[in-house]
Amino acid sequence: MVQKRQTHSMSSIADNIGSVTRRIQKATLAAGREPGSVSLLAVSKTRPPEDLRAAVTAGQTAFGENYLQEALDKIEALRDLPDLEWHFIGPIQSNKTRQIAESFAWVHSVDRLKIARRLSEQRPEGLPPLNICLQVNINDEASKSGCTLDQLPDLVAAIGELPNLRLRGLMAIPDPDQPEGELRLSFRRLANALNALKQQHPDAGPLDTLSMGMSGDMDLAIAEGATWVRVGTALFGARPPKQAQG
Ligand SMILES: *Cc1c(COP(=O)(O)O)cnc(C)c1O
């Protein structure tokens, strides 16, 4: 019985990877964008390593994690799988930067220069530069991390000088409770900000990335230019209620 239930849940994760992939393709096509220009980041916070294995079986390689210790445990548990790409997407305390710099390929949630400096200094020699996005608090919500749009030019200029980072672009988590039109405008503001930065700071980094869109709003985000959508619930099901997670 246990065996059977496991098999069932694994095949549904694989099914979900398939249906989300088709949803991404459809939205990409509808937006008149290049096929393959939107990547799927599987957000695996709170999920056990077996769920990630099921996703890998369906072809998924990029995983997003929010809580450092939980992520490090999973990275260790999945060491036997080659070519997984780990993305850190949660709030960053400065005493955690070393382990993030050592274990991840991407960080989507950099929101201040101090964190960027530490990540660059602590990126181990021999690893490629760490890909980073600047997180923008696009709806100026008191409860959310992220810099303001006004802070971006100075941050980008300073981060462009850091040797062990590659500044890939911008990330945001817009307020999901706003009306659809407003939500769409939030995504558009982030896309416009990236375009402006590309003009003003052509040497700061590739600036080719918009990390925006989750299970509920990935289609809108793709219409506005997302290149990474960060999807948890639509792949792995509802998460347990949030509580003290480190
Ligand atoms: C949890 C989380 C997601 C995934 O959200 P879903 O609604 O489950 O798809 C995406 N991005 C960030 C930063 C998250 O913390």
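Please refer to the structure placed before this passage.
Bear in mind that the values here come from a model prediction, so they are computed numbers and not experimental data.

**Looking at the side chain of Glu141**
With respect to the helices, strands and loops of the structure, Glu141 is situated in the loop between β5 (130-136) and α6 (152-159). By relative accessible area, which is 18% here, Glu141 ends up buried. In contact with Glu141, not counting residues within four places along its chain, are Ile173, Pro174 and Asp175.

**Digging into the nonpolar core**
A general trend in soluble globular proteins is that nonpolar side chains are found buried together. Counting residues in hydrophobic clusters, the biggest one holds 65 residues, and the most contacted among them are Val107, Leu119, Leu134, Ile159, Leu170 and Val229. Sort the elements by how many residues they give to this core and helix α7 (residues 180-200) lands first, with seven residues. The contacts of Val107, once residues within four sequence positions are left out, are Phe88, Ile92, Ile100, Leu119, Leu130, Asn131, Ile132 and Cys133.

**Thoughts on the packing of aromatic side chains**
Enumeration according to the criterion identifies three aromatic pairs in this entry. Consider the rings of Phe88 and Phe104, whose centres lie 5.4 Å apart with planes at 80 degrees: the pair is edge-to-face. Highlighted residues: Phe88 in strand β3 (residues 85-88) and Phe104 in the loop between α4 (97-103) and β4 (106-110), separated in sequence by 16 residues. Taking the relative accessible area as the measure of exposure, Phe88 reaches 2% and is therefore buried. For Phe104, a relative accessible area of 2% puts it in the buried group. Measuring from ring centre to ring centre gives 5.7 Å for Trp106 and Trp228, while their planes differ by 80 degrees; the resulting arrangement is edge-to-face. Here Trp106, found in strand β4, pairs with Trp228, found in strand β8 (residues 228-231); they are 122 residues apart in sequence, far enough to count as distant. Look at Trp106 and you get buried, because its relative accessible area is 5%. Residue Trp228 is classed as buried on the basis of its relative accessible area, which comes to 9%.

Thresholds applied
Residues numbered from 1 in each chain as written. Predicted model: local features only at pLDDT ≥ 70, side-chain atom pairs only at ≥ 80, totals over all residues. Heavy atoms only, no water. Helix = DSSP H or I, 4+ residues; strand = E, 2+ residues; numbered from the N terminus. Buried < 20%, exposed > 50% of the residue type's maximum accessible area, 1.4 Å probe, protein only. Contact = heavy atoms within 4.5 Å. Core = buried A, V, L, I, M, F, W, Y, C linked by side-chain atoms within 4.5 Å. Phe/Tyr/Trp six-rings, centres within 6.5 Å; stacked < 30°, edge-to-face > 60°.

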